[in-house]
Amino acid sequence: MSSLARHLPVLDWGRRYDRDKLSGDLVAAVIVTIMLIPQSLAYALLAGLPPEAGIYASILPIVLYAIFGTSRTLAVGPVAVVSLMTAAAIGKLGDQGIDQVTAALTLAFLSGSFLLILGLFRLGFLANFLSHPVIAGFVTASGILIATSQLKYILGVRASGDTLIEMLHGLWSALGAINWITVLLGVSATAFLFWVRKGLKPLLLRIGPGNTLADMGSKAGPVFAVLVTTLAVWAFGLADRGVDIVGTVPRSLPPLTLPSFQTGVLAAMIGPAILISVIGFVESISVAQTLAARRRQRIDPDQELIGLGAANLGAAFTGGFPVTGGFSRSVVNFDAGARTPAAGAFTAVGLAIAALMLTPAIYFLPKATLAATIIVAVLGLVDLSILKRSWVYSKADFAAVSATILLTLGLGVEVGVSAGVLISILIHLYRSSRPHMAVVGQVPGTEHYRNVDRHDMALHDAILSVRVDESLYFANARNLEDRIYDMTADRDDLRHVILMCSAVNDIDMSALESLEAINTRLAARNIAFHLSEVKGPVMDGLKKTDFLTDLTGRVFLTQHRAVQTLCNAAAHPPLPSKDGVSL
């Protein structure tokens, strides 16, 4: 039963569900539903899909995550970055005559399948290849791209482009066709939504409706903007004066849909699907773990992969597009008092009711309002301060961040994130191929050994102690050899070299061969080669070889014991016998 509950977390929290949790979940569901209605429409617009796709992608995926996910408060659905990546991916198939809705379904199917495979084989660690600086740079660049892509709706012009330069060129070329009524609606909605984020709740609290109602009112700000601008378009006939509107949205529950299984479509979508899966998982798990820590709850990353995989498969078969856990809605869900994933299921019910009853009311909704919703949401993702922080702390990380930002803005989201991952891996390989190595000496009056370049140390002429601060493997094995040889060159008085292995967690075959070469070369100069502070698993590996048998020196438990033993041996050398054999 416990094993089943591990794979179906609903069995764990469901059996302890009570009235208090129900109350908290219902309140949170109402607030999140109000927030999600305009947000879902807006993210569908960002993905280049019909507005109803955003609502469809927010119903069954939420329910499936509630069953399989481990976070009690994560809210799954369309998010800005994934929607932008979806638009970039399905836009490539437009020239091939492939319907974009079908392409989006296929993308969600492939993404869900990939996540599910990673979860079942417990491969969540692969997401660690995306470093935080790369993620921060990619999200910042994506936020800039998303906000720029929505300016055409604010201005009421036709413009296109996948990169920042293309978008700006398209906007510049279309400036003569600006619709000033649309500009008025879009700018007003944007300004209002920026004010709502910080100004509406304090105003409501001063009026005195109570904290809960004030919180709900502030979250309903986008809905208020939708209502006012929709009424304005309808009352003054602004659609006939060039204001672009949403138009007809089907009144229905999510339909049963099928992704495309054509080889060409699958081949075109598999790369973007993998990138979307990894980016979405990293964003989702970060939010889930942050919120879980506040309540001392536990998140299982591999089960999260299964939950997100199931959610994306649900989107693929119900008219949606790729989804993941969103930061803003998850925080709202948490702050609103959600206690269990049932809050998500109640949210899905609310969205289903909206899909059945409220869609005719958004016929006259101007796309400029949805664009304003997106712009206000994504500008919070832009954090250019990461450039300054990374420059101060690590030039290598700065290179990764700046390259990711520039490539994402200049060449598109897929190239940007792919380059960021590649740069991160290359930087890691470069760093580990040139490990930090230090000559260490004894801190006077202690048994501690530290870098002689940083502290005043006691040294012994006949002993060279070297600490290597990296596991030894094929990429850095030759560097280790060269550094040891350089350190021992022109040291005629040197009789012992001690390699301090306190930071060595692994030694592969290439590094073992380098250690054997060092041992042989030092022996030719009558220098003994010793190891100290070798970790248990590393020692177990060495015992399976002939290295310890051929070692000219010894393996010491601690660095201090090694130095003391060798110093005592030098102070009291063994007496030679008559036949030359030491006694």
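All values reported here derive from a predicted model rather than from experimental measurement.

Rules behind the numbers
Residues numbered from 1 in each chain as written. Predicted model: local features only at pLDDT ≥ 70, side-chain atom pairs only at ≥ 80, totals over all residues. Heavy atoms only, no water. 1 Å grid on protein atoms, 1.4 Å probe; cavity = no way out; pocket = protein on both sides within 12 Å on 5 of 7 lines; lining within 4 Å. Points joined across faces, edges and corners; volume = space filled by probe spheres on them. Helix = DSSP H or I, 4+ residues; strand = E, 2+ residues; numbered from the N terminus. Nonpolar A, V, L, I, M, F, W, Y, C, P; charged D, E, K, R; others polar. pLDDT = per-residue confidence, 0-100. Contact = heavy atoms within 4.5 Å. Buried < 20%, exposed > 50% of the residue type's maximum accessible area, 1.4 Å probe, protein only. Pairing = 2+ DSSP bridges. Axes fitted to C-alpha atoms, helices over the stretch in contact; angles between N-to-C directions. Parallel < 35°, antiparallel > 145°, perpendicular 65-115°, else oblique. Left-handed = near helix turned anticlockwise from the far one by under 90°. Salt bridge = Lys/Arg side-chain N within 4 Å of Asp/Glu carboxyl O.

Draft legend 1. Structural detail: the layout of surface pockets. Size it by volume and the second largest pocket reaches roughly 980 Å³. Contributing to the lining of the second largest pocket are 44 residues, with Leu 46, Ala 87, Lys 152, Tyr 153 and Gly 161 lying nearest its centre. Listed by contribution, the elements that provide at least two residues to the lining of the second largest pocket are helix H3 (19-46), helix H6 (80-91), helix H8 (132-149), helix H9 (151-155), helix H10 (164-173), helix H18 (367-378) and helix H21 (413-433). Examining the composition of the lining of the second largest pocket, we find that 5 residues originate from one element, H6, more than from any other. When its residues are assigned to classes, the lining of the second largest pocket shows 22 nonpolar, 14 polar and 8 charged.

Draft legend 2. Here's a closer look at the confidence of the model for the protein. When pLDDT is averaged along the protein, the result is 86, and 93% of the positions lie at 70 or above. Confidence drops under a pLDDT of 50 for residues 574-583, and excluding neighbours within four residues, the segment shows 8 contacts in the predicted structure.

Draft legend 3. The arrangement of the pairing of strand S6 (residues 496-500) in detail. Counting buried residues along S6, 5 of its 5 residues qualify, which places the element largely inside the surrounding structure. Both faces of S6 are covered, namely the face carrying His 496, Ile 498 and Met 500 and the face carrying Val 497 and Leu 499. Alignment of strand S5 (residues 463-468) against S6, held across 5 bridges, turns out to be parallel. Considered in S6, the bridge of Val 466 is made with Leu 499. When S6 meets strand S7 (residues 528-532), the two strands line up parallel, connected through 5 bridges. By the bridge assignment for S7, Ile 498 is matched with His 530.

Draft legend 4. Fine view of the packing of H8 against H21. With their axes 10 Å apart at the nearest point, H8 and H21 run at an angle of 165° to one another. Classified by the angle their axes make, H8 and H21 are roughly antiparallel. Along this stretch, H8 crosses H21, giving a crossing that reads as right-handed. Across from Val 134, Phe 138, Ser 142 and Leu 145 in H8, the residues of H21 making contact are Val 413, Val 417, Gly 420, Val 421 and Ser 424. In the contact of H8 with H21, the residues fall into 6 nonpolar, 3 polar and no charged.

Draft legend 5. How the structure looks around the pattern of salt bridges. Applying the stated criterion across every chain yields a total of 8 salt bridges. Between Arg 478 and Asp 482 there is a salt bridge, with its nearest N and O atoms 3.8 Å apart. Of this pair, Arg 478 and Asp 482 are both found in helix H22 (residues 474-488), 4 residues apart, which corresponds to roughly one turn of the helix. For Arg 478, a relative accessible area of 59% puts it in the exposed group. A relative accessible area of 36% means that Asp 482 is categorised as partly exposed. Counted as one network, the salt bridges with shared partners bring together Arg 158, Asp 244 and Lys 367.

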